[in-house]
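Observations on the model geometry
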Amino acid sequence: MPNKSRRRGVLTAAAAVVAGAVALVPAAEATNTQPYIVGGTEASIADHPYAVYLTDRDGHQFCGGVLISRTGVLTAAHCAQAMKRQQLRVVAGRQDQRTSAGVVSEVEKVWVSPQFKDPTTGNDVAVLTLEEEMPYRPAKLPDASDAELYREGTKARVLGWGRTSDGGPRSDYLRGALVPVVSDEGCKASFSSYDKSTMLCAGYPDGGVDACQGDSGGPLLVGDTVIGIVSWGEGCARPDRPGVYARVAAFTTDVRSQG
Ligand code: ARG
């Protein structure tokens, strides 16, 4: 893949985070006409009580996250760095953004992987320590040695909130989609900057199901175990362009000591 187009994809992603645009897959990225998520369905917060989202001080959602303890939220480094700690808010227990269900917390501390530079070079993980204890069941972390969860073809669930496309109608509900884990070789063939030690890919060869801008920071789960964190991609849901996730098992030790 030409380096130029990769850069453009990443810049678009960053711009979308800033604009607060969100989606689990815009139906047609170029035209943005279909008001629904391709391959995704509404998901229930009762089934996924650990699913949280990040907002700015005005309550605008811009990323996802996942509870890993009462006060620990695992998210993407590029989400944690999108604004000052004092402006970050974490919303838990709220399936529909239009309601006031659940708990909103400020953030006491931000830990970002010290190796993080930008999503395409990997290490896109951060842990937020919350001011409030969240009364919701946290997700499980994988063991550092848990290779089985990362096997090619494993069906994993990605969760996120928000708009279905840039400027398109907004999805206020939590959404989820199932995507198969892609082999390291397969992902490397799609993205030359793929680093199997800190990243993971998931998606179908034909595309059609994916996370998208604004879903960053949200979890990729096998059962209740979070194996990945939405990190980057090239467009969304394109053939041979799977979603790229931070490989959580590579950070379990660091993350446990934070969360
Ligand atoms: N970087 C994007 C964000 O900040 C996430 C992109 C995920 N893209 C994908 N095709 N899976 O929200």
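Quick caveat, the model's predicted, so the values are computed rather than measured.

Details of the packing of aromatic side chains
Evaluation of the coordinates by the stated rule reveals two aromatic pairs. Positioned over the ring face of Phe191 is Arg241, at 5.9 Å from the centre of the ring.

Description of the side chain of Ser231
As for its position among the elements, Ser231 is in strand β12 (residues 225-232). At 2.7 Å, the side chain of Ser231 and the side chain of Asp124 are in polar contact. In contact with Ser231, not counting residues within four places along its chain, are His78, Pro119, Asp124, Ser216, Val244, Tyr245 and Ala246.

What about unusual backbone geometry?
Located in the positive-phi region is Asn123, a residue other than glycine, with phi close to 60 degrees. One can find Asn123 in the loop between β6 (103-112) and β7 (126-130). Assessed through its relative accessible area of 11%, Asn123 is described here as buried. Despite not being glycine, Ala237 shows a phi value in the positive range, around 65 degrees. Considering the arrangement of structural elements, one finds Ala237 in the loop between β12 and β13 (243-247). The exposure class of Ala237 is buried, given its relative accessible area of 13%.

Some points on the layout of surface pockets
One simple way to see leftover space: roll a probe sized like a water molecule over the atoms. Approximately 170 Å³ is the volume found for the second largest pocket. Elements with a minimum of two residues in the lining of the second largest pocket: β9 (170-182) and α3 (184-190). Among the residues forming the lining of the second largest pocket, the class breakdown is seven nonpolar, five polar and two charged.

A look at the environment of Phe191
Locating Phe191 in the fold gives a position in the loop between α3 and β10 (199-202). As a C-alpha pair, Phe191 and Pro242 span 51 residues in sequence and 9.2 Å in three-dimensional space.

Quick look at the state of the cysteines
Going through the model one piece at a time under the given rule, you end up with three disulfides. Bridging Cys187 to Cys201, the disulfide has an S-S length of 1.8 Å. Of this pair, Cys187 sits in helix α3 while Cys201 is found in strand β10, placing the two residues 14 residues apart along the sequence. For Cys187, a relative accessible area of 0% puts it in the buried group. Residue class for Cys201 comes out buried when judged on its relative accessible area of 0%.

A closer look at the pattern of salt bridges
The tally for this structure, following the rule as stated, stands at nine salt bridges. Between Glu234 and Arg238 there is a salt bridge; the shortest N-O distance is 3.6 Å. The class of Glu234 is buried, set by a relative accessible area of 10%. For Arg238, a relative accessible area of 33% puts it in the partly exposed group. Residues joined in a network through salt bridges with shared partners are Asp96, Arg98 and Asp172.

Notes on the environment of Gly176
Relative to the helices and strands, Gly176 resides in strand β9. Look at Gly176 and you get buried, because its relative accessible area is 3%. Expressed as a C-alpha distance, the spacing of Gly176 and Trp161, which sit 15 residues apart in the sequence, is 8.7 Å.

Details of the nonpolar core
Counting 63 residues, the largest nonpolar core has Leu74, Val90, Leu220, Val226, Ile227 and Tyr245 as the members making the most contacts within it. Sequence-distant contacts of Val90, defined by excluding residues within four places in its chain, comprise Val52, Tyr53, Leu54, Val73, Val103, Val104, Ser105, Val107, Leu128, Leu130 and Met134. One finds Val182, Tyr194, Trp232 and Val244 within the second-largest nonpolar core, a separate group that totals eight residues.

Describing the sheet that holds β7
Strand pairing within a sheet occurs via backbone hydrogen bonds; the two strands may be parallel or antiparallel. Sheet architecture is closed into a barrel: six strands sit in the order β2-β3-β4-β7-β6-β5, paired in antiparallel fashion. Adjacent strand axes in the sheet meet at a mean angle of 40 degrees, parallel and antiparallel pairs treated alike. In terms of strand pairing, strand β2 (residues 51-55) meets strand β3 (residues 61-67) through five bridges, oriented antiparallel. Directly across from Ala51, in β3, lies its bridge partner Val66.

What counts and what doesn't
Residues numbered from 1 in each chain as written. Predicted model: local features only at pLDDT ≥ 70, side-chain atom pairs only at ≥ 80, totals over all residues. Heavy atoms only, no water. Phe/Tyr/Trp six-rings, centres within 6.5 Å; stacked < 30°, edge-to-face > 60°. Lys NZ or Arg CZ within 6 Å of the ring centre and 35° of its normal. Helix = DSSP H or I, 4+ residues; strand = E, 2+ residues; numbered from the N terminus. Polar contact = N/O pair within 3.5 Å; in protein donor to acceptor, adjacent residues only side chain to side chain. Contact = heavy atoms within 4.5 Å. Buried < 20%, exposed > 50% of the residue type's maximum accessible area, 1.4 Å probe, protein only. 1 Å grid on protein atoms, 1.4 Å probe; cavity = no way out; pocket = protein on both sides within 12 Å on 5 of 7 lines; lining within 4 Å. Points joined across faces, edges and corners; volume = space filled by probe spheres on them. Nonpolar A, V, L, I, M, F, W, Y, C, P; charged D, E, K, R; others polar. Disulfide = S-S within 2.5 Å. Salt bridge = Lys/Arg side-chain N within 4 Å of Asp/Glu carboxyl O. Core = buried A, V, L, I, M, F, W, Y, C linked by side-chain atoms within 4.5 Å. Pairing = 2+ DSSP bridges. Axes fitted to C-alpha atoms, helices over the stretch in contact; angles between N-to-C directions.

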